[in-house]
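# Residue-level structural notes
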Amino acid sequence: MSFGGQVLRRTSGLLGLAAFLLAACGSNPPDDEPDPDPPFTQLAKISASNAQDWDKFGWSVDLDDGQLLAGTNIVQSPYFPEGKAYLFSRNSGGTDAWGEVKSFAASDGLDMDLFGYSVSVDGDTALVGARWEDNNGSDTGAAHLFARDAGGAGAWGEQKRLVASDGPLSYRFGNALSLDGDIALVGAPGSSVAASYA
């Protein structure tokens with residue numbers, strides 16, 4: 001049996017305390033066509049070290065080459081109302097242990113920013129959206145860029161805060177995002193016209 005592409009599934013419901021890592025598996029010989037609909041098996045159940053009820057940990061998830069980034073959706077939680085995101089590494093704590101290596105928070109985080117609503121990780125860079133951040137006006141939103149060696153080797157410090165150049169109130173910049181190398185794509189569904197920024 002061989003494992004193919006790994007995928008993440010987030011939990012549903014109110015508490016949302018876990019994300020699940022799954023892998024497509026099959027037994028196809030090298031010369032056979034890949035199974036177009038392979039079965040999936042659970043590899044790991046991922047939880048934050050300080051998870052609390054109502055955190056909705058696993059609201060957003062991304063996976064890149066042995067790194068897993070998971071965010072929260074803190075709307076009603078009394079624990080981390082500004083939001084958080086968590087980075088896990090495949091072999092941290094043991095082979096395939098998927099141990100937590102970093103907890104992210106915004107340097108300017110405030111209650112109800114929804115930091116962690118969207119996440120993306122690519123190599124040595126992580127991007128976390130805060131769609132209700134108010135620093136440029138009510139719910140204008142922002143995305144926070146973290147780099148592995150910013151602030152020291154393996155420190156994963158915050159490197160930059162991204163905002164829309166023309167963002168009005170309720171822009172919700174950071175609602176969705178994606179990283180690919182040195183390009184970041186960030187959605188802003190509150191725009192009067194559909195908008196994304198790269």
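It should be noted that the structure appears before, not after, this text.
Definitions and cut-offs
Residues numbered from 1 in each chain as written. Predicted model: local features only at pLDDT ≥ 70, side-chain atom pairs only at ≥ 80, totals over all residues. Heavy atoms only, no water. Phe/Tyr/Trp six-rings, centres within 6.5 Å; stacked < 30°, edge-to-face > 60°. Helix = DSSP H or I, 4+ residues; strand = E, 2+ residues; numbered from the N terminus. Buried < 20%, exposed > 50% of the residue type's maximum accessible area, 1.4 Å probe, protein only. Salt bridge = Lys/Arg side-chain N within 4 Å of Asp/Glu carboxyl O. Core = buried A, V, L, I, M, F, W, Y, C linked by side-chain atoms within 4.5 Å. Pairing = 2+ DSSP bridges. Axes fitted to C-alpha atoms, helices over the stretch in contact; angles between N-to-C directions. Contact = heavy atoms within 4.5 Å.

## A look at the packing of aromatic side chains
One pass over the full model with this rule turns up six aromatic pairs. Here the aromatic rings of Trp-59 and Tyr-117 are separated by 5.6 Å at their centres, their planes lie at 45°, and the arrangement is tilted. Note that Trp-59 is positioned in the loop between strand S3 (40-46) and strand S4 (60-64) and Tyr-117 in strand S8 (residues 115-122), a separation of 58 residues in sequence. We classify Trp-59 as partly exposed; its relative accessible area is 27%. Assessed through its relative accessible area of 19%, Tyr-117 is described here as buried. Residues Phe-104 and Trp-156 carry aromatic rings whose centres are separated by 6.1 Å and whose planes lie at 85° to one another, so their mutual orientation is edge-to-face. Of this pair, Phe-104 sits in strand S7 (residues 99-104) while Trp-156 sits in the loop between strand S10 (142-147) and strand S11 (157-162), and the two are 52 residues apart along the sequence. You can call Phe-104 buried: its relative accessible area is 1%. Through a chain of ring-to-ring contacts, the aromatic side chains of Phe-104, Phe-115, Phe-146 and Trp-156 assemble into a single cluster.

## Topic: the pattern of salt bridges
Taken as a whole and assessed by the stated rule, the structure comprises two salt bridges. Asp-96 is the partner of Arg-90 in a salt bridge, and the nearest nitrogen-oxygen pair spans 2.6 Å. For Asp-124, the salt bridge goes to Arg-148, with nearest N and O atoms at 2.6 Å. Of this pair, Asp-124 sits in the loop between S8 and strand S9 (125-130) while Arg-148 is found in the loop between S10 and S11, placing the two residues 24 residues apart along the sequence. Classification of Arg-148 as partly exposed rests on a relative accessible area of 27%.

## What to know about the nonpolar core
With 13 residues, the main nonpolar core has Leu-69, Ala-85, Phe-104, Phe-115 and Phe-146 as its most contacted residues. Elements that contribute at least two residues to this core include exactly strand S6 (85-89), S8 and S9. Within the second largest apolar cluster, twelve residues are counted, among which are Ala-143, Ala-164, Tyr-171 and Ala-184.

## Side note on the sheet that holds S10
Across the sheet, four strands lie side by side as S8-S9-S10-S11; this open sheet has antiparallel pairing. Across the chains shown, the open sheet's two edge strands, defined by having one partner strand only, are S8 and S11. Ignoring strand direction, the axes of neighbouring strands in this sheet form an average angle of 25°. The pairing of S8 with S9 spans six bridges and is antiparallel. Note that in S9 the partner of Ser-120 across the bridge is Leu-127.

## Details of the pairing of S6
Taking burial as the measure, the five residues of S6 include four buried ones, the bulk of the element. The pairing of strand S5 (residues 67-71) with S6 spans five bridges and is classified as antiparallel. From the neighbouring strand, Gln-67 faces S6, where its bridge partner is Ser-89. Relative to S7, S6 runs antiparallel, the two being bridged by five bridges. Within S7, the residue paired with Leu-87 across the bridge is Lys-102.

## Things to note about the environment of Ala-176
With respect to the helices and strands, Ala-176 occurs in the loop between S11 and strand S12 (177-180). Taking the relative accessible area as the measure of exposure, Ala-176 reaches 38% and is therefore partly exposed. Taking the C-alpha atoms as reference points, Ala-176 and Arg-131, separated by 45 residues in sequence, lie 8.4 Å from one another. Ignoring any residue separated from it by four or fewer positions in sequence, one finds Ala-176 in contact with Ser-118, Leu-185, Val-186 and Gly-187.

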